[in-house]
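Examining the three-dimensional arrangement
Below, each chain spelled out in residue letters.
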Amino acid sequence: FFKAFNAQPDTFAEYRFLTSPAIQQDAQTRNMASQMLATHLGFLGRPLDALRAFPYRRSNEPDSALPSPPAWIAVPASEWIAGQADAFRVVLVNEAHHVPQTRVLTVSLLQRLRAKGYTHLAVEALLNNGTDPMPNGYPERRTGIYTREPVFAELLREARRLGYELLPYEPDHVGEQTQQQRETGQARAIAAVLAGNPQSKILVHAGYAHIGEAQAGLPEDARPMAMELATSSGLSLLSIDQTSTRSYEAADIDTVGQRLAKQFVVDTPSVLLARDGGTAWSNKPGLYDVSVLLPAATGSALRPDWLSLDGKRKAVAIDMTPCLGHLPCLAEARHASEGDDAIPADQFLMLAAADGDTPLFLAPGRYRLRLLGSDGMPVAGRELEVPNGNPDLQPEPR
C-alpha cells in the first residue's frame, strides 16, 4: 500500500489512488487510507469533507467546569497572543493535520510577532535535510508533507516575505526511532538556535500534543517536544492549543469547543479570559497555557469563509464547465511568478456537477488557472488576474 502510494506523482494522483476501488473495497487498505484521505481532502480544497472523512467521536470532556459568559469574555486570539509575546522567546501553536483551519491563526500571527522581534518560524512539517526547504522562493512538493495544502503554503510564503528564517526541526533520521527520540530531537534542533543566537525569538507551528508542557497525550508516554525544550533551554514557553477542544469538528459531533464557540458567539479564532483577573482559559491546564476556539464554518457549504484569511483573499468565481465529463476534476491556481512545481495558491476538487459554482479564494494578483480531469491531464487553462473587484473568471478550453 505505502509503496504504491509513495509512487504517485502529485497530490491529485494520491487522492485518486486512495479512492480507487482496489483500495476502498479492501477493509485493511481502506482503514489505512482513511486518515490520509481526510488530509488529502484538506489539501484539495474540501476542508469540511476532510472533517467528515475522519470524524473523532470520543468524548473530550474538560478537566474542569466550562467557562460561561457571566464570568468570561472572548477576545481575538491573535491580539491576546501578541500582547503576551514580549515576555517569551518561544510561542508554540498546534494544528490538526487534516484541518487547514488550524493554520489560519498562525498566518494572522506572523506580522504581529515579526514586529515584536520574532526571527524564526519553526515548522514540524518542513523537509529537514540541511537544505533550504524553499530553494526557489516558494513552497513546492519537496518542501514538506502538510505544506502541500494551500493555506499552509501561504503561511510559508508570508513568513518568507516578512523576513522570517524558516526552521525545519523534525529529525532527519535513518531507520526507526522511538517517540521519545523524536520529541527530544525536535527540542534539540530548536534549542540550538536559541542558544546560538540570544536575540532569536521563535514561533513554532507543530502538530497536536508536541506542544504540551507536561508528560501527557503522546504514544509511549513520551515527554513532549515543548516539555523537553523548556528543560533544555531553561526558558518559559507560551503554548497555544487548538486541538484538544476540537472546535473545528463537523457539526454533527458534539465537542467542548463547539459548545463554547456557540455560547460565546465566536466569529474569529478566540481565547477566553476571566472577567476577574484576566486569566486565560485552558482546556488542559498544566499541559497548554491557553486554548483557542475556532468559529463555525459559514458561507459556502463546501468552502467556508475562513479561507479568506481575514479578508486577504476573496472568493473568485471559476467556470468549471470544462470539468463536466471529467470528474473528479481539480481546479488549481498558481501565482504567475512561480513555477509549475509550486503549491497552488488555492485549489478545489470538483466531485459532482453541483460543485460547479464553488469559488477559489485568491488574493489580488496574477495567476495561471488550470483544470485537470480524472486522468490528471489538463482539460482547460488560462492566465487570470484578480483585481480588487470580483470578476467572473472563465478558463479557455484547450
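As shown above, the structure is provided for reference.
For the structure given in this document, a descriptive report is provided here. Note that the coordinates shown come from a computational prediction; the quantities given were computed from them, not determined experimentally.

Notes on the overall build of the protein
- When helices and strands are counted, the protein shows 11 helices and 15 strands.
- The C-alpha atoms of the protein give 21 Å as radius of gyration, which agrees with the globular expectation for 398 residues (21 Å, within 12%).
- Here the C-alpha coordinates of the protein stretch approximately 60 × 50 × 45 Å along the principal axes.
- Long-range contacts, defined as pairs at least 24 residues apart, comprise 70% of the intrachain contacts of the protein with a sequence gap of at least 6.
- As displayed, the protein offers around 16800 Å² of accessible surface, 51% of which is attributable to carbon and sulfur atoms.

Some details on the environment of Q24
- With respect to the element layout, Q24 can be found in helix α3 (residues 21-24).
- Taking relative accessible area as the criterion, Q24 reaches 26% and is therefore assigned partly exposed.
- Residues Q24 and S34, 10 residues apart in the sequence, show an inter-C-alpha distance of 9.4 Å.
- Non-local contacts of Q24, meaning those with residues more than four positions away in its chain, are made with L18, T19, R30 and A33.

Focus: the nonpolar core
- With 41 residues, the main nonpolar core has W80, I81, L121 and I240 as its most contacted residues.
- When residues of this core are traced back to their parent elements, those giving at least two are α5 (47-53), α6 (77-84), β2 (90-95), α7 (104-114), β3 (120-123), α8 (150-162), β6 (238-241) and β7 (270-274).
- Among residues more than four places away in sequence, those in contact with I81 are V91, L105, L109, L238 and I240.
- Counting 23 residues, the second largest nonpolar core, distinct from the first, contains L92, L218, L237 and Y288.

Here we look at the packing of aromatic side chains
- Applying the stated rule across the entire model yields 3 aromatic pairs.
- Where F1 meets F17, the ring centres are 5.7 Å apart and the plane angle is 45°; that geometry is what we call tilted. Placement of the pair is F1 in the segment before α1 (2-6) and F17 in helix α2 (residues 11-18), with a sequence separation of 16 residues.
- Judged by its relative accessible area of 14%, F17 falls in the buried class.
- Relative to F17, the ring of F5 has its centre 6.2 Å away and its plane inclined at 50°; by these criteria the two rings are tilted. Residue F5 is found in helix α1, and its partner F17 is found in helix α2; the two are separated by 12 residues along the sequence. Considered together, F5 and F17 belong to a single accessibility category, that of buried residues.
- Taken together, the ring pairs in this structure connect F1, F2, F5 and F17 into an aromatic cluster.
- Residue placement shows R114 over the ring face of Y164; its charged tip is 5.7 Å from the ring centre.

Let's talk about the side chain of E338
- If you trace the backbone, E338 turns up in the loop between β10 (329-335) and β11 (346-350).
- Taking relative accessible area as the criterion, E338 reaches 10% and is therefore assigned buried.
- Leaving out residues up to four positions away in the same chain, E338 has contacts with Y138, R157, I343 and R368.

Observations regarding the state of the cysteines
- For the structure shown, the criterion picks out 1 disulfide.
- Each disulfide pairs two cysteine sulfurs, and for C323 the partner residue is C329, the sulfurs being separated by 2.0 Å. Around the S-S axis, the bridge from C323 to C329 shows a dihedral of about -55° and counts as left-handed.
- Note on C329: relative accessible area 0%, which makes it buried.

Here's the deal with the sheet that holds strand β4 (residues 165-168)
- A sheet is described by the order of its strands in space; here 6 strands give the open sequence β4-β3-β5-β2-β6-β8, paired in parallel fashion. Because the sheet does not close on itself, it has two edges, and the strands there are β4 and β8 (290-291).
- Of the strand pairs in this sheet, β2 and β6 are connected by 3 bridges, and their pairing is parallel. Following the sheet pairing, V91 is matched in β6 by L238.
- Strand contacts of α6: β2, β6 and β8, with the helix running at about 170° to β6, the strand carrying the most contacts.

Points about the sheet that holds strand β14 (residues 378-386)
- Taken together, 4 strands build an open sheet; the order of strands is β11-β10-β13-β14 and the sheet is antiparallel. Every other strand in the sheet has two partners, leaving β11 and β14 as the edge strands with one partner each. Sheet twist, expressed as the average angle between the axes of neighbouring strands with direction ignored, equals 15°.
- As paired strands, β10 and strand β13 (residues 365-372) are joined by 6 bridges and run antiparallel to one another. If you follow A333 over to β13, its bridge partner there is L369.

Cut-offs and rules
Per-chain numbering applies: the sequence of each chain, read as written, is numbered from 1 onward. Per-residue local features are limited, in this predicted model, to residues with pLDDT of at least 70; the limit for side-chain atom pairs, both in listing and counting, is 80 or more; totals at the level of whole chains, interfaces and linings are taken over all residues. Based on all heavy atoms of the structure, the side-chain values leave hydrogens and waters out of the count. Secondary structure elements follow DSSP: runs of H or I no shorter than four residues count as helices, runs of E no shorter than two count as strands, and numbering proceeds from the N terminus. Computation of the radius of gyration draws on C-alpha atoms, with the globule rule given as 2.2 Å multiplied by the number of residues to the power 0.38. Two residues qualify as a contact provided that any one of their heavy atoms is within 4.5 Å of a heavy atom in the partner residue. Here the Shrake-Rupley method, with its probe set to 1.4 Å, supplies the accessible areas, and only the displayed protein chains count as covering residues. Using a 1.4 Å probe on the protein chains alone, a residue whose accessible area is under 20% of its type maximum counts as buried, one over 50% counts as exposed, and one in between counts as partly exposed. What is meant by a nonpolar core is a set of buried Ala, Val, Leu, Ile, Met, Phe, Trp, Tyr and Cys residues, joined one to another through side-chain atoms within 4.5 Å. For Phe, Tyr and Trp, rings pair up if their centres lie within 6.5 Å, where Trp contributes its six-membered ring, and each pair is then called stacked (planes under 30 degrees apart), edge-to-face (over 60) or tilted (otherwise). Two conditions define a charge sitting above a ring: the NZ of Lys or the CZ of Arg must be within 6 Å of the ring centre, and it must be within 35 degrees of the ring normal. Cysteine sulfur pairs qualify as disulfides if the two atoms are within 2.5 Å. Here, any two strands with at least 2 DSSP bridges between them count as paired. As a rule, the C-alpha atoms of each element are fitted with a line to give its axis, helices using only the stretch in contact, and angles between N-to-C directions run from 0 to 180 degrees.

Honestly, it's all geometry; don't read function into it.
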